[in-house]
Amino acid sequence: IRNNGCGHCCAAMAATLNGVSITPYEEYEYCRKMWGPPKLSQRHYMSISGITKVLNSLDIPAFCYGVKGRQYPEVGAQITESLKNGKQVIFWSNPSDDFPENPFSKGEHYVMAVGFDEDGRIVVANSSEKWTSEGIQKVDINTILRALRKDCDPADKTWGDSDNHDYCAGYIIVG
């Protein structure tokens, strides 16, 4: 969990915020019961579709969205509107050459937007102590859009992936 646990942390945070008390370790063990241990050919972290499957299996409404081929204004509006309606948004952040100042991580990493602060900035829960000692970051929607992981390699299946690999990267609306 320590090396690939950000997806498990986000799933556990979302579950807890939606009435299902579960720790990241318990969520990982729940995944092992659902899918068995990860195969050597799979990465141990979950994809967007894998996290969505876990939340849905806990009777928590969650829907995953790929970014590939979609327009950023559409994605930004959907994320912002979801947060305004009290939902959470788990998204996969990705490093890129055109966004070296990515505030969430210099590697692939899941974080969860939970709402807005008094100044209208988006409040993001980040499980990595490397990037934020208090676990909370405040950003605008453009920062999230620039950081979003947009594409996945279909050959690089992850634990819990669906057959539609377009939903490997992107974001999840929860609640």
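Just so we're clear, the structure is a prediction, and the values are computed from it rather than from any experiment.

What counts and how
Residues numbered from 1 in each chain as written. Predicted model: local features only at pLDDT ≥ 70, side-chain atom pairs only at ≥ 80, totals over all residues. Heavy atoms only, no water. Pairing = 2+ DSSP bridges. Helix = DSSP H or I, 4+ residues; strand = E, 2+ residues; numbered from the N terminus. Axes fitted to C-alpha atoms, helices over the stretch in contact; angles between N-to-C directions. Parallel < 35°, antiparallel > 145°, perpendicular 65-115°, else oblique. Contact = heavy atoms within 4.5 Å. Buried < 20%, exposed > 50% of the residue type's maximum accessible area, 1.4 Å probe, protein only. Phe/Tyr/Trp six-rings, centres within 6.5 Å; stacked < 30°, edge-to-face > 60°. Salt bridge = Lys/Arg side-chain N within 4 Å of Asp/Glu carboxyl O. Polar contact = N/O pair within 3.5 Å; in protein donor to acceptor, adjacent residues only side chain to side chain.

### Here's the deal with the sheet that holds strand β6 (residues 136–139)
Working step 1: The strand order across the open sheet formed by six strands is β2-β8-β3-β4-β5-β6, and the pairing between neighbours is antiparallel. Of all strands in the sheet, those bounded by a partner on one side alone are β2 (62–65) and β6. This sheet shows a mean twist of 25° between the axes of neighbouring strands, independent of strand direction.
Working step 2: Pairing of strand β4 (residues 109–116) with strand β5 (residues 122–125) involves four bridges; the strand directions are antiparallel.

### Observations regarding the packing of helix α2 (residues 24–35) against helix α3 (residues 48–57)
Working step 1: For the pair α2 and α3, interaxial distance at closest approach is 11 Å and the crossing angle is 95°. It follows from the interaxial angle that α2 and α3 lie roughly perpendicular. Here Glu27, Tyr30, Cys31, Met34 and Trp35 of α2 come into contact with α3, specifically with Gly50, Lys53, Val54 and Ser57.

### What to know about unusual backbone geometry
Working step 1: Even without being glycine, aspartate 59 reaches a positive phi, approximately 65°.
Working step 2: Given a relative accessible area of 71%, aspartate 59 falls into the exposed group.

### With respect to the packing of aromatic side chains
Working step 1: With the rule as written, the count across this model stands at three aromatic pairs.
Working step 2: Here the aromatic rings of phenylalanine 91 and phenylalanine 104 are separated by 5.4 Å at their centres, their planes lie at 80°, and the arrangement is edge-to-face. Residue phenylalanine 91 is located in strand β3 (residues 88–93), and its partner phenylalanine 104 is located in the loop between β3 and β4; the two are separated by 13 residues in the primary sequence.

### Side note on the pairing of strand β8 (residues 171–174)
Working step 1: Of the two faces of β8, the one lined by Tyr171 and Ile173 and the one lined by Ile172 and Val174 are each fully buried.
Working step 2: Across four bridges, the pairing between β2 and β8 is antiparallel. Across the sheet, the residue bridging to phenylalanine 63 is isoleucine 173, located in β8.

### Quick word on the pattern of salt bridges
Working step 1: If you walk through the whole model with that rule in mind, you get five salt bridges.
Working step 2: In this structure, glutamate 101 and arginine 146 form a salt bridge, with 3.3 Å as the shortest nitrogen-oxygen distance. Linking glutamate 101 in the loop between β3 and β4 with arginine 146 in helix α5 (residues 141–147), this pair joins segments that are 45 residues apart in sequence.
Working step 3: What makes glutamate 101 partly exposed here is its relative accessible area of 45%.

### Focus on the environment of threonine 16
Working step 1: Among the structural elements, threonine 16 can be located in helix α1 (residues 6–17).
Working step 2: Threonine 16 sits in the partly exposed class, given a relative accessible area of 43%.
Working step 3: In contact with threonine 16, not counting residues within four places along its chain, are Ser21 and Ile22.
Working step 4: One polar contact links the side chain of threonine 16 to the main-chain carbonyl oxygen of alanine 12, over a distance of 2.9 Å.

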